[in-house]
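# A closer look at the structure
For reference, the chains in residue letters:
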Protein chains: 2
Amino acid sequence: MKISILKNQLNEAIQHVSKAISSKTTIPILTGIKLDVTHYGVTLTASDIETVIQATIPATDNGKEVVKVEEIGSVVLPAKFFVEIIKKLPKDTVDIEVLEGFSTIIQSGKSKVNMVGLDPEEYPALPAVDDDQAISVPGSLIKQMIRSTGFSVSANETSPILTGVLWSLIDGQLKLLATDRHRLASTQSALEEDITIHDVTISGKTLGELNKIIPDNDEAIEIVVADSQVLFKVGNVLFYSRILDGTFPDTSKIIPTEFKTELVLDTKKLTESIDRAFLLAREEKTNIVRLEASGDGEVRIESTSSGVGKVIEQLEAVDITGEPIRISFNSKYMLDVLKVIESDKIHIGFTGTMSPIIIKPVDDSQSLYLILPYRTSN
Amino acid sequence: MKISILKNQLNEAIQHVSKAISSKTTIPILTGIKLDVTHYGVTLTASDIETVIQATIPATDNGKEVVKVEEIGSVVLPAKFFVEIIKKLPKDTVDIEVLEGFSTIIQSGKSKVNMVGLDPEEYPALPAVDDDQAISVPGSLIKQMIRSTGFSVSANETSPILTGVLWSLIDGQLKLLATDRHRLASTQSALEEDITIHDVTISGKTLGELNKIIPDNDEAIEIVVADSQVLFKVGNVLFYSRILDGTFPDTSKIIPTEFKTELVLDTKKLTESIDRAFLLAREEKTNIVRLEASGDGEVRIESTSSGVGKVIEQLEAVDITGEPIRISFNSKYMLDVLKVIESDKIHIGFTGTMSPIIIKPVDDSQSLYLILPYRTSN
């Protein structure tokens, strides 16, 4: 294997695939990045078994030579060092040559690096993914849907299925949903094709990495769903993720649809008030704040920490209907929701002090957030 | 105590004094910030015993009212919460009122915070500092001198005196010097006054905090040296630091003045080469790199990590005199030096493979850096 390649393009591909590298892997070959050189260009592959990311750099881009291929071949290079050194090489062009025993010479200007390469034959094969069930979704939409739900996955590995986001697609309605049993986030969107695919659950952490690779524009991402894998095609990058085993719990019954009290609030003002109350609430670990709304639209938010003090916030509801309410909840969970809501106003529905709180952006009926209240004595 | 104060000015003073707050303190009163209100304005004090920082906000600034004093008095407020909440208050003005038992009400717009205050009588008295031995130095100069030496202090608490920077002032020559026994950094500057003051050693960590408070301009900082304390007067901020006990070792004899080999190198090129070699060297914990200079001015820098590979860097010396040299050293130490050197070119002097390496910026004869080489078999 012998190539000359433009540093920036190589670096960009490395940044993409290196997101699959895990520092915790116990499989030596997976500490490396695989390079495959063909006459078409260079393909980089990295994996932590759960996720495989592959990025291809075509030899020419808009008629400009990006890779000069002198000899095709493959090698696996130590990821951590390879990622760092390529960034810091002095010239715009990098020469890579694999010698006997996968020893690899990387040269740029007067810098010469000799890397201990590994045998690419030892690298695991890519997951087999049939192109049968595929959909096409604008990148910015997928990005937004992942962002709106991913924060609600469970951090607790004892229920692995809840560490994932449930993807369902029925009659062209794509819905993402995540819950950690204390809160829930869901969002949906109508796709152009009227298609139905079986439900899959994908690790929230993996989707977070995927989101870093998807550019924030309307270019379509192709999503291919196979039996045990989902493949996201983002431009020249292929992102494979394992589907989590198990059945995602049915959450449809816990979401109330009628409310005893309904509030409409200014998103920014509520965020700032909860944020100040949170500063004190977090001293108590529970992050607990109390919200009180009286019939005249006066909303009061309070938090207390015994050794430190008390925060009392007042704001006017834009609108209020139903009974007065006094309820306690985790302010961190509320801030997580408020952070992803882009609407100027939000709607909060209550059905009692022990029942789920439902939060919806006023100008986006497609997203819904649920927070369970705390049981408190007052 | 009762005041109305402009939030930004209060916030700025809080940011300054909070640098003295230690999360590790075992003295409850020192987890707080003391507020003293007089008709002159508000003074904030924070301390971790080693360091005391005091910032004063005058009631008026250029004829503009900053603090409206309704009642003078004092209180100690819980630092962590106070620092965070003031930043996040909704309006430009903050009202602070101390009630019975030091309970304190902070109000801004519709935010009301009730803080558990502590008795200011319990707060330790300020160190007594005589104004006898005082010098005046431009802020930007002090900042630069601290930056040029502070990184070389010892992180090892078993020799407390070496965790500090030695300040000596003889006949108007101010000199700062730090060493951790493996390396040394010193810099000096001629002051306007022809003054001599006894040597003092000040904690490198404390000087790092002081550097964050000194603005980067030519405004003079007054430095008052007492028996056990040094006081830095930075505008409206007073920064007291304890002088470290013990005698700083005499380092004058270990600095060679004649060299067998002398190199002049381009600072940027050397930095980039060492940086790349360091990427591999750090895998071996010792950070070891080897430098070879031949008589024709060809300089070669190498590092090796058995499992990963080898980096070989070549650069041309701007100038070389004396014998060829082959020497090994800690690349992290060299990078630390190169980071604070502003000169385009540096001079490196060698007196043998076992003797100290001396680095000097070419256009600044006032700074000197020393690194001990590694003993290696080849």
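Residues numbered from 1 in each chain as written. Chains lettered and ligands numbered in written order. Predicted model: local features only at pLDDT ≥ 70, side-chain atom pairs only at ≥ 80, totals over all residues. Heavy atoms only, no water.

- Per an unreviewed UniProt entry, chain A goes by Beta sliding clamp and derives from Paenibacillus anaericanus.
- Database annotation for chain A, UniProt heading Sequence similarities (unreviewed entry): "Belongs to the beta sliding clamp family."
- Looking at chain A in UniProt, the text filed under Subcellular location (unreviewed entry) is "Cytoplasm". (UniProt positions renumbered as here; feature names shortened; annotations may be inferred.)

### Observations regarding the pairing of strand E22 (residues 298-305) of chain B
Residue and element names in this part refer to chain B.
- Note: strand E21 (residues 288-293) against E22, four bridges, orientation antiparallel. Its bridge partner being in E22, Glu 292 is matched across the sheet by Arg 300.
- Taking the residues between adjacent antiparallel strands as the criterion, E21 and E22 are bridged by four residues, where Gly 297 takes a positive phi near 90 degrees.
- Two elements, E22 and strand E23 (residues 309-316), share eight bridges in a ladder whose sense is antiparallel. Across the sheet, Thr 304 pairs through a bridge with Lys 310, a residue of E23.
- Between E22 and E23, which follow one another and run antiparallel, lie three residues. (Pairing = 2+ DSSP bridges. Helix = DSSP H or I, 4+ residues; strand = E, 2+ residues; numbered from the N terminus.)

### Some details on the pattern of salt bridges
Residues and elements named next belong to chain B.
- This structure, assessed with the given rule, holds 44 salt bridges over all chains.
- Close ionic contact of Lys 332 with Asp 336 constitutes a salt bridge, the shortest N to O distance being 3.2 Å. Residue Lys 332 and its partner Asp 336 are both found in helix H6 (residues 331-340); the two are separated by four residues, about one turn of the helix. (Salt bridge = Lys/Arg side-chain N within 4 Å of Asp/Glu carboxyl O.)

### Overview of the sheet that holds strand E22 (residues 298-305) of chain A
- An order of E25(A)-E21(A)-E22(A)-E23(A)-E11(B)-E10(B)-E9(B)-E1(B)-E7(B) is seen for the nine strands of this open sheet, with the pairing classed as antiparallel. Since the sheet does not close on itself, it has two edges, and those belong to strand E25 (325-330) of chain A together with strand E7 (67-71) of chain B, each with one partner. Adjacent strand axes in the sheet meet at a mean angle of 15 degrees when their direction is disregarded.
- Two elements, strand E21 (residues 288-293) of chain A and E25 of chain A, share six bridges in a ladder whose sense is antiparallel. Note that in E25 of chain A the partner of Glu 292 of chain A across the bridge is Arg 326 of chain A.
- Packing against the sheet, helix H6 (residues 331-340) of chain A makes contact with E21 and E25 of chain A, and its axis sits at approximately 85 degrees to E25 of chain A. (Axes fitted to C-alpha atoms, helices over the stretch in contact; angles between N-to-C directions. Contact = heavy atoms within 4.5 Å.)

### Topic: the interface of chain B and chain A
- Contacts between the two partners involve 32 residues from chain B and, on the opposite side, 32 residues from chain A.
- For the pair chain B and chain A, the interface holds six salt bridges.
- Note that Asp 275 of chain B and Lys 88 of chain A form a salt bridge whose closest N and O atoms lie 2.9 Å from each other.
- The tally of links from chain B across to chain A stands at 20 residue pairs in polar contact (both at pLDDT 80 or more).
- Among the secondary structure elements, those contributing two or more residues to the side of chain B that touches chain A are helix H2 (79-88), strand E11 (111-116), helix H5 (267-281) and E23 of chain B.
- The element best represented in the side of chain B that touches chain A is E23 of chain B, accounting for seven residues.
- Considering only residue class, the side of chain B that touches chain A consists of 13 nonpolar, six polar and 13 charged. (Polar contact = N/O pair within 3.5 Å; in protein donor to acceptor, adjacent residues only side chain to side chain. Nonpolar A, V, L, I, M, F, W, Y, C, P; charged D, E, K, R; others polar.)

### A closer look at the sheet that holds strand E28 (residues 367-371) of chain A
All names here are of chain A.
- Ordered in space as E16-E13-E14-E15-E28-E27-E26-E20-E24, the nine strands form an open sheet in which the pairing is antiparallel. Looking at strand neighbours, the two that pair on one side only are strand E16 (197-203) and strand E24 (319-322), the edges of this open sheet. On average, each strand axis in the sheet is tilted by 15 degrees relative to the strand beside it, whichever way the strands run.
- In this sheet, strand E15 (residues 183-190) lies alongside strand E14 (residues 173-179) in antiparallel orientation, the contact comprising seven bridges. Residue pairing for E15: Leu 176 is matched across the bridge by Thr 187.
- Relative to the sheet, helix H3 (residues 139-150) contacts strand E13 (164-170), E14, E15 and E28, its axis offset from that of E15 by approximately 165 degrees.
- On top of the sheet, helix H5 (residues 267-281) reaches strand E20 (261-266) and strand E26 (345-350); it is set at about 95 degrees to E20, its chief contact.

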